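Summary of the model geometry
Residues per chain are reported as follows:
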Amino acid sequence: MKALIYFLFCLLLLHSAAFGQSGSVTISQNVPASVAVCQTSTFSVTITNTTSSVLSGLTLTVSMPGGMNYITGSVSSVPAGVTYLSGGPQNPLLKLPPVNGLSSITVHFNAYPDCNIITYQQQGNPIVNTAKVTYLNSSTDQNTSSSYNIKAPSLVITSFVNQSYTGVVGAIFTRSITIKNSGSGSLSSFTLTDIHGT
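What this report covers is the structure whose coordinates are included nearby. (Residues numbered from 1 in each chain as written. Predicted model: local features only at pLDDT ≥ 70, side-chain atom pairs only at ≥ 80, totals over all residues. Heavy atoms only, no water.)

A count of helices and strands for the protein chain gives 2 helices and 14 strands. A burial count over the protein chain gives 31% of its 198 residues as buried. Put simply, 69% of the contacts in the protein chain that link residues at least 6 apart link residues at least 24 apart. Summed over all atoms, the accessible surface of the protein chain reaches about 11,800 Å², with 55% contributed by carbon and sulfur. (Helix = DSSP H or I, 4+ residues; strand = E, 2+ residues; numbered from the N terminus. Buried < 20%, exposed > 50% of the residue type's maximum accessible area, 1.4 Å probe, protein only. Contact = heavy atoms within 4.5 Å. Areas by Shrake-Rupley, 256 points an atom, 1.4 Å probe, with all protein chains shown as cover.)

The next subject is the pattern of salt bridges. Per the stated rule, a full pass over the model turns up 1 salt bridge. The partner of Arg175 in a salt bridge is Asp194, with the nearest N and O atoms 3.8 Å apart. Of this pair, Arg175 sits in the loop between strand S13 (155-161) and strand S14 (176-181) while Asp194 is found in the segment after S14, placing the two residues 19 residues apart along the sequence. (Salt bridge = Lys/Arg side-chain N within 4 Å of Asp/Glu carboxyl O.)

Before going further, it helps to examine the sheet that holds strand S8 (residues 93-95). The 5 strands lie next to each other as S7-S8-S4-S10-S11, forming an open sheet whose pairing is antiparallel. On the outer flanks of this sheet lie strand S7 (83-86) and strand S11 (140-144), each paired with one strand and no other. On average, each strand axis in the sheet is tilted by 25° relative to the strand beside it, whichever way the strands run. (Pairing = 2+ DSSP bridges. Axes fitted to C-alpha atoms, helices over the stretch in contact; angles between N-to-C directions.)

As a further point, take a nonpolar patch on the surface. A grouping of Leu155, Ile157, Ile177, Leu187, Phe190 and Leu192 is seen on the molecular surface, where their side chains present a nonpolar patch of about 520 Å² in accessible area. Looking at the secondary structure, you find Ile157 in strand S13. (Patch = residues over 30% accessible without salt bridge, like charges linked within 9 Å, V, L, I, M, F, W, Y side chains within 5 Å.)

Looking now at the pairing of S7. Relative to S8, S7 runs antiparallel, the two being bridged by 3 bridges. Its bridge partner being in S8, Thr83 is matched across the sheet by Lys95. Here S7 folds back onto S8 in antiparallel fashion, the turn holding 6 residues, of which Gly87 has a positive phi close to 110°.

Another point: the packing of aromatic side chains. One pass over the structure, following the stated rule, counts 5 aromatic pairs. With centroids separated by 5.7 Å and ring planes inclined at 15°, the aromatic side chains of Phe43 and Phe109 adopt a geometry described as stacked. Here Phe43 is found in strand S3 (residues 41-49), whereas its partner Phe109 is found in strand S9 (residues 104-113), with 66 residues between them in sequence. Per residue, the accessibility class of Phe43 equals that of Phe109, and both read buried. Taken together, the ring pairs in this structure connect Phe43, Tyr70, Tyr84, Phe109 and Tyr148 into an aromatic cluster. (Phe/Tyr/Trp six-rings, centres within 6.5 Å; stacked < 30°, edge-to-face > 60°.)

Among the structural elements, Gly87 can be located in the loop between S7 and S8. Residues Gly87 and Tyr70 lie 17 residues apart in sequence; the distance between their C-alpha atoms is 9.6 Å. Non-local contacts of Gly87, meaning those with residues more than four positions away in its chain, are made with Pro92 and Leu93.

So, on to the environment of Ser182. Relative to the helices and strands, Ser182 is located in the segment after S14. The class of Ser182 is partly exposed, set by a relative accessible area of 45%. Note: C-alpha distance between Ser182 and Ser154 (28 residues apart in sequence) is 5.4 Å.

All right, on to the state of the cysteines then. Applying the stated rule across the entire model yields 0 disulfides. No disulfide involves Cys38; its sulfur sits 5.0 Å from that of Cys115, the nearest cysteine. (Disulfide = S-S within 2.5 Å.)

Covered by surrounding structure in strand S1 (residues 25-30) are Val25, Ile27 and Gln29 only, the residues Thr26, Ser28 and Asn30 on the alternate face being uncovered. Of the pairings in the sheet, the one linking S1 to S3 comprises 6 bridges and is antiparallel in character. Its bridge partner lying in S3, Gln29 is registered against Val45.

It is worth spelling out the nonpolar core at this point. Phe43, Val45, Ile47, Leu60, Val107, Phe109 and Tyr148 are the most contacted members of the largest nonpolar core, which has 32 residues in total. If you tally residues by element for this core, the top one is S9, at 4 residues. (Core = buried A, V, L, I, M, F, W, Y, C linked by side-chain atoms within 4.5 Å.)

Okay, the side chain of Asn69 next. For Asn69, the position within the fold is in strand S5 (residues 68-70). Within the structure, the side chain of Asn69 is placed 3.0 Å from the backbone oxygen of Gly67, a separation counted as a polar contact. Excluding residues within four positions of it along the chain, Asn69 makes contact with Met64, Pro89, Gln90, Asn110, Ala111, Tyr112 and Asp114. (Polar contact = N/O pair within 3.5 Å; in protein donor to acceptor, adjacent residues only side chain to side chain.)

This is the structure in structure tokens:
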């Protein structure tokens, strides 16, 4: 009798592990308060198995704003075992290892915003990540992160001395241009092109 009960219990665990479904996990995310254009930041997603059974075959998709770029090879997890499957720079698809009952796994990865995120934000789009867990039966659970700020440089010419100058041929004059970064992000270098008449 004990052997039969044990067998049925194991069968139930295997069934739960194979057919985990929507509502079996909770998802939370940790995002930086702000990220700077062209600089790397770390993001994390924690998936908690709320059932008493092992959940297997889970995948995690993280959808990021246009202009954000997942850094290939940067993903890791605690406990270990997460692997990159596919997906573009804005939506990496990750395979999760089995998650024990009433336990959690935290996935870490690095990403950076390129200049396209400035236009994305100016169009009124939210700067958030959406983490989606997909089960073997194709049902899903998802979570939207809190918003994070984008720090981007913004160059403004504040003064231009001798922008227009009239003088004799061969005369030397000084043209002075003052440029200010009025944005919230830093800038390592920029190119100034001077177009003038002959």
